[in-house]
Amino acid sequence: MVTAANRGWRTATVSGVRRPIARAVQLRLDVHDRVDHLPGQHYVVRLTAPDGYTAQRSYSVASAPGDPLVELFVERLDDGEVSTHLADVVERGDELEVRGPIGGWFVWDQVSPALLVAGGSGVVPFVSMLRTARALGRTDLLRIAVSARTREELPYADELEEAGALVVLTREANGIRPAGRLTAADLVPLWEPGQTAYVCGSSGFAEAAGQFLVELGVDPAAIRVERFGPSGGPA
Ligand SMILES: Cc1cc2nc3c(=O)[nH]c(=O)nc-3n(C[C@H](O)[C@H](O)[C@H](O)COP(=O)(O)OP(=O)(O)OC[C@H]3O[C@@H](n4cnc5c(N)ncnc54)[C@H](O)[C@@H]3O)c2cc1C
């Protein structure tokens, strides 16, 4: 099958660079010859050093398909090869090599009810789904639960709270809720029969949240998981 991904690498011009929270960067990219993504899909970004050495990593799209620019949100890992470059070095007007959009499984079909459960930067593909739902006037289809260490570290916190997301903070209280991890009980009021559940975050978070959903009786076939683990590989 010919997909946008295997049509190869293309150039993206960096149109905007923002640092809405510490240790992260939001990049707005003008992808040349772009194919519209589906909410939940990601791009691969490839960096090439002057000696020809390359490194590539996957980044989910935060923008809705109707946005003229592709928005990525990258959490800076202190010892990270690619995230440090994107967070510290990339400036407006730079060009990046990208490939995508990629992914057919972790995609919201825009008509079915969905339960979205994210840890940390795992919220990024869900922001795309939320923005898409808003554009369609169908935010009623989405239920969202997100976990972060502190509110300051939660990407897109305002947007998620406005959408009614349950926000769980592990290092500080959130209103009357004391600091603590997401539990299966948190998901009970959000889960409805017929939903597809999407889980996104670190491997540990994805494992735990997936397990909670199974305990609640969600059919494993209706659970889709994206792990933001190491994603490097040969260029
Ligand atoms: C489909 C997919 C979508 C993704 N979307 C996003 C996104 O929207 N935003 C985002 O910030 N990241 C996202 N990631 C993770 C991203 O691809 C990189 O893995 C991450 O940016 C680290 O790359 P790096 O080169 O900076 O670190 P590396 O040099 O690869 O690794 C540095 C150190 O950090 C560890 N490490 C690597 N990745 C992670 C991680 N994700 N969490 C914790 N430790 C890690 C490594 O084991 C190593 O010890 C996604 C991953 C996948 C597979």
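Conventions used here
- Residues numbered from 1 in each chain as written.
- Predicted model: local features only at pLDDT ≥ 70, side-chain atom pairs only at ≥ 80, totals over all residues.
- Pairing = 2+ DSSP bridges.
- Helix = DSSP H or I, 4+ residues; strand = E, 2+ residues; numbered from the N terminus.
- Axes fitted to C-alpha atoms, helices over the stretch in contact; angles between N-to-C directions.
- Domains from an automatic or database assignment.
- Contact = placed C-beta atoms within 7 Å.
- Nonpolar A, V, L, I, M, F, W, Y, C, P; charged D, E, K, R; others polar.
- Right-handed = clockwise from strand over helix to strand, strands pointing away.

Draft legend 1. Spotlight on the sheet that holds strand 6 (residues 95-102). The strand order across the open sheet built from six strands is 4-3-6-1-2-5, with neighbouring strands paired in antiparallel fashion. At either end of the open sheet lies a strand with only one pairing partner, and these are strand 4 (54-60) and strand 5 (70-75). Within this sheet the neighbouring strands show an average axis-to-axis angle of 40°, counted without direction. In the sheet, strand 1 (residues 10-18) pairs with strand 2 (residues 24-31) via six bridges, with the strands oriented antiparallel. Looking at the pairing, Ala-12 lines up with Val-31 of strand 2.

Draft legend 2. Local environment of the domain arrangement of the chain. Taken domain by domain, the chain comprises domain 1 (5-102) and domain 2 (114-227). One C-alpha centre belongs to domain 1, the other to domain 2; they are set 24 Å apart. Facing the 13 residues of domain 1 at the interface are 13 residues of domain 2. Looking at the side of domain 1 that touches domain 2, its residues break down into eight nonpolar, four polar and one charged.

Draft legend 3. Local environment of the pairing of strand 9 (residues 166-169). Bridging between strand 8 (residues 142-148) and strand 9 involves four bridges; their strand directions are parallel. Within the sheet, the bridge partner assigned to Ala-145 lies in strand 9 and is Leu-166. Each parallel crossover has a hand, and for strand 8 linked through helix 3 (residues 157-162) to strand 9 it is right-handed.

Draft legend 4. How the structure looks around the sheet that holds strand 11 (residues 223-227). On the basis of which strands lie adjacent, the open sheet formed by five strands has the order 9-8-7-10-11 and parallel pairing. In this open sheet, the two edge strands, each paired with only one partner strand, are strand 9 and strand 11. Averaged over all neighbouring strand pairs, the angle between strand axes comes to 10°, with direction disregarded. With five bridges connecting them, strand 10 (residues 196-201) and strand 11 associate as parallel partners. Among the inter-strand pairings, Cys-200 is bridged to a residue of strand 11, identified as Glu-226. In this fold helix 2 (residues 124-136) packs onto strand 7 (114-119), strand 8, strand 10 and strand 11, with an angle of close to 150° to the strand it touches most, strand 8. Packing against the sheet, helix 5 (residues 203-215) makes contact with strand 7, strand 8, strand 10 and strand 11, and its axis sits at approximately 155° to strand 10.

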